[in-house]
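Architecture and fold: a report
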Amino acid sequence: MHSTLAELLENLKPGLLWVSRDGLVRYANGDAGARTGLAPGRRLYDPDMARAVSAVVTGREPRAVNAFGAPAQQGGLVPELKCRVIPGLAADDAFVLIGNEPSADHGAAFENLLHVVQHDLRDPLAAAGKALHAAQAGGAPDGVDALCGSIDELLLTLNKLIDLASVWGSSALLANDRIELWPLLQQVWGELQALAQSRSIKVRFRAQGANESLATIYGSEPWLRRVFVECLESALRSSRPGATLDIEHVQLGPRALIVFRDCGVFATRRTDAAEMPSAAKGTEPAARRLRANDHIGLKLCQHIVALHGGQLREENEDGLRNFLIDLPTGAPHRNTEQSQIDVAQAQRYAADLAALMARARADESKSKAPAAGVSAAD
């Protein structure tokens, strides 16, 4: 019975996750495991999926959600999964059904685009940057400074796009540098002092535990430095002048968290009415969006962190938005595809599912049975 149920769930299309209210994965069939990278005992990493599961458990109403999955290969395109969340068999769980995989043509087209960006734009972009800086140093006429500033912002965005194309191949991150995150983060902050001072922004660094107890990670120090640069720059530009950034290092077993508390790191913002075309004003609610510069920076950071076995995510704590960089510590990370989960785990969780189903049938039978006579003793 249990082995049959396990076989059924393993071959189910679409993929299936059985998840508790707090996002703990109780069961994942092979298809779901391969497309999300999740296995029993792990927690949902996509915040939209986690919120949908919590809402379905609370309201007992199905809902659709789009979530990010795991790349089919290291350094590959991160797929978007079309999911449907339905109430589970118990009061505190839900099932996530993952729709069929989209065509891989879009992924190939994206890879080709990044190849062109990396090889055809790098040299012309560098030449344009040198010419721009030379013009500014020579004393530009009135009005040209503003134009140069706009062009400089454009060049910065294109540079990030080229970096994203460069790091998209997994070979760019095959390094085993021994990295101490906490000193590295503080070094990067020192490099951004000019920007921080221009906005009168200070920082408060805090670590849970002594510095010697903070674990190290292995990977590419230059690229992880780039993640910290992007995140700190985003925090500085999104914070109010005179604010203090609150950044914390948390060691959770084999994982290290860098937490930007109550901050605007890569936070989407509503488009102001003044920024909208006049024809669009009053027609629909203002959309949430990231600037192109920030959007590409976020994608770059997500990809770098994912290739180190970690993830970027948001958490809400008492109405405050925290931004987290979550990285594994210890041995060097090497991403491997998980095409199927451990058979013993599958059977154990399938047995739990079977027990719940049997309990539900027993309760239903009791409710339909005629009431037995009751005798009272003198």
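Check the entry above for the structure.
Residues numbered from 1 in each chain as written. Predicted model: local features only at pLDDT ≥ 70, side-chain atom pairs only at ≥ 80, totals over all residues. Heavy atoms only, no water.

1. Things to note about the overall build of the protein chain
Tallying secondary structure elements over the protein chain gives ten helices and 14 strands in all. Taking all contacts inside the protein chain whose residues are at least 6 apart in sequence as the whole, residues at least 24 apart take part in 65%. For the protein chain, the exposed area adds up to about 20,800 Å²; of that, 53% sits on carbon and sulfur atoms. (Helix = DSSP H or I, 4+ residues; strand = E, 2+ residues; numbered from the N terminus. Contact = heavy atoms within 4.5 Å. Areas by Shrake-Rupley, 256 points an atom, 1.4 Å probe, with all protein chains shown as cover.)

2. A word on the environment of Ile201
With respect to the helices and strands, Ile201 occurs in the loop between α7 (193–198) and β7 (202–207). Accessibility expressed as a relative area gives 5% for Ile201, which makes it buried. Placed 44 residues apart in sequence, Ile201 and Leu245 show a C-alpha to C-alpha distance of 7.4 Å. Beyond its immediate chain neighbours, meaning those up to four positions away, Ile201 contacts Trp189, Ala196, Leu236, Ser239, Arg240, Gly242, Ala243 and Leu245. (Buried < 20%, exposed > 50% of the residue type's maximum accessible area, 1.4 Å probe, protein only.)

3. Structural notes on unusual backbone geometry
For Ser200, which is not glycine, the phi torsion reads 55° and is therefore positive. Note on placement: Ser200 falls in the loop between α7 and β7. Phi angles above zero are rare outside glycine, and Phe266 is one such case at about 50°. Inspection of the secondary structure puts Phe266 in the loop between β10 (255–261) and β11 (269–270). For Phe266, a relative accessible area of 4% puts it in the buried group.

4. Considering the pairing of β10
Regular strands show a simple pattern: their side chains alternate between the two faces of the sheet. Within β10, five of the seven residues are buried, which leaves it mostly tucked inside the rest of the structure. Where strand β9 (residues 244–252) and β10 come together, seven bridges link them in antiparallel fashion. Of the residues in β10, the one forming a bridge with Gln251 is Ala256. Connecting β9 to the antiparallel partner β10 that follows it, the hairpin turn spans two residues, and Gly253 within it adopts a positive phi of roughly 60°. As paired elements, β10 and strand β14 (residues 320–328) share six bridges and run antiparallel to each other. The residue bridging Leu257 from the neighbouring strand is Asp326, located in β14. (Pairing = 2+ DSSP bridges.)

5. Side note on the pattern of salt bridges
Throughout the structure, instances matching the rule amount to 18 salt bridges. Between Arg35 and Asp31 there is a salt bridge, and its shortest N-O distance comes to 3.3 Å. In this pair, Arg35 and Asp31 both sit in helix α2 (residues 30–36), four residues apart, roughly one turn of the helix. When its relative accessible area of 8% is taken as the criterion, Arg35 is described as buried. The exposure class of Asp31 is buried, given its relative accessible area of 11%. (Salt bridge = Lys/Arg side-chain N within 4 Å of Asp/Glu carboxyl O.)

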